[in-house]
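Spelled out from the first residue to the last, the chains are:
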Amino acid sequence: MERPSLLKIFAVFSKIGAFTIGGGYAMIPIIEQEMKRRGWIPEEDLPDIVAISQSAPGLLAVNISIFAGYRLRGVKGSIAATLGSVLPSFLIILAIAMFFSSFRTNPWVEKAFLGIRPAVIALIAVPMINMARKSNKTWWAWAISAAALLLVAVLNVSPIYIILSTAVIGFAITWFREKKKR
């Protein structure tokens, strides 16, 4: 695995931060692509980084940057990756905030935002589908994923209850398997 410079980490994450619309979930496929292409992080480690990032408090994009940067160069790498992913978005939002009030009623701007919405939905859906394919190796894992999706999307069950329930189920399955081996 190549050990990239801090400047290179900053540059790559700046590119990701500047050209990703839709937030953290939309960044996942781009981060995966950049990490795989450069050989920085093994492909099998990426779902773990995403899972840890989702379970940590804070913004998903920032958490992924922190964990990926840390894997590359420790604390300094996490700082470089985080600044790289956040700084372009911050500057873009700052510029929009300064000038948007005069353009917000412009029909071209309204149409542009309406056009961006479906692309953002796709950018969020693709990494979730890919993560499900990589992570769900058994029929019961697919069943748990489908049940969680149904409970959250249709029945409006809090994701906190889903996470706690699946953690208990996972613990119980592991405990019974270990007991069976003895």
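The structure under discussion appears in the preceding block.
Residues numbered from 1 in each chain as written. Predicted model: local features only at pLDDT ≥ 70, side-chain atom pairs only at ≥ 80, totals over all residues. Heavy atoms only, no water.

Visitor: What is the right way to read the packing of helix α6 (residues 139–153) against helix α7 (residues 159–181) from this model?
Guide: When two helices pack together, their arrangement is given by the angle between the helix axes and the distance between those axes. Contact geometry for α6 and α7: axes closest at 10 Å, N-to-C directions at 160°. Here α7 runs roughly antiparallel to α6, going by the angle between their axes. Crossing angle aside, the handedness with which α6 passes α7 is right-handed. Here α6 contributes W140, I144, A148, L151 and V152 to the contact with α7, which in turn contributes P159, I162, T166, I169, I173 and R177. In the contact of α6 with α7, the residues fall into nine nonpolar, one polar and one charged. (Axes fitted to C-alpha atoms, helices over the stretch in contact; angles between N-to-C directions. Helix = DSSP H or I, 4+ residues; strand = E, 2+ residues; numbered from the N terminus. Parallel < 35°, antiparallel > 145°, perpendicular 65-115°, else oblique. Left-handed = near helix turned anticlockwise from the far one by under 90°. Contact = heavy atoms within 4.5 Å. Nonpolar A, V, L, I, M, F, W, Y, C, P; charged D, E, K, R; others polar.)

Visitor: What is the right way to read the nonpolar core from this model?
Guide: One broad trend across soluble globular proteins is that nonpolar side chains are buried collectively. Of all hydrophobic cores here, the largest spans 21 residues; its most connected members are I9, F13, I31, M35, W40, I41 and I64. Elements with a minimum of two residues in this core: α1 (6–18), α2 (24–38), α3 (46–55) and α4 (60–103). If one sorts the elements of this core by residue count, α4 sits on top with seven residues. (Core = buried A, V, L, I, M, F, W, Y, C linked by side-chain atoms within 4.5 Å. Buried < 20%, exposed > 50% of the residue type's maximum accessible area, 1.4 Å probe, protein only.)

Visitor: Explanation requested: the side chain of S14 in the structure shown.
Guide: Note on placement: S14 falls in helix α1. When near neighbours in sequence (up to four residues on either side) are disregarded, S14 contacts G84, S85 and P88.

Visitor: Would you explain the packing of α3 against helix α5 (residues 107–135) in this entry?
Guide: Relative orientation of the contacting elements α3 and α5 amounts to 115°, with a least axis distance of 11 Å. At the point where α3 passes α5, the crossing takes the left-handed sense. Seen from α3, the contacting residues are P47, V50 and Q54; seen from α5, they are M128, M131, K134 and S135. Here the residues of the contact of α3 with α5 are counted per class, giving four nonpolar, two polar and one charged.

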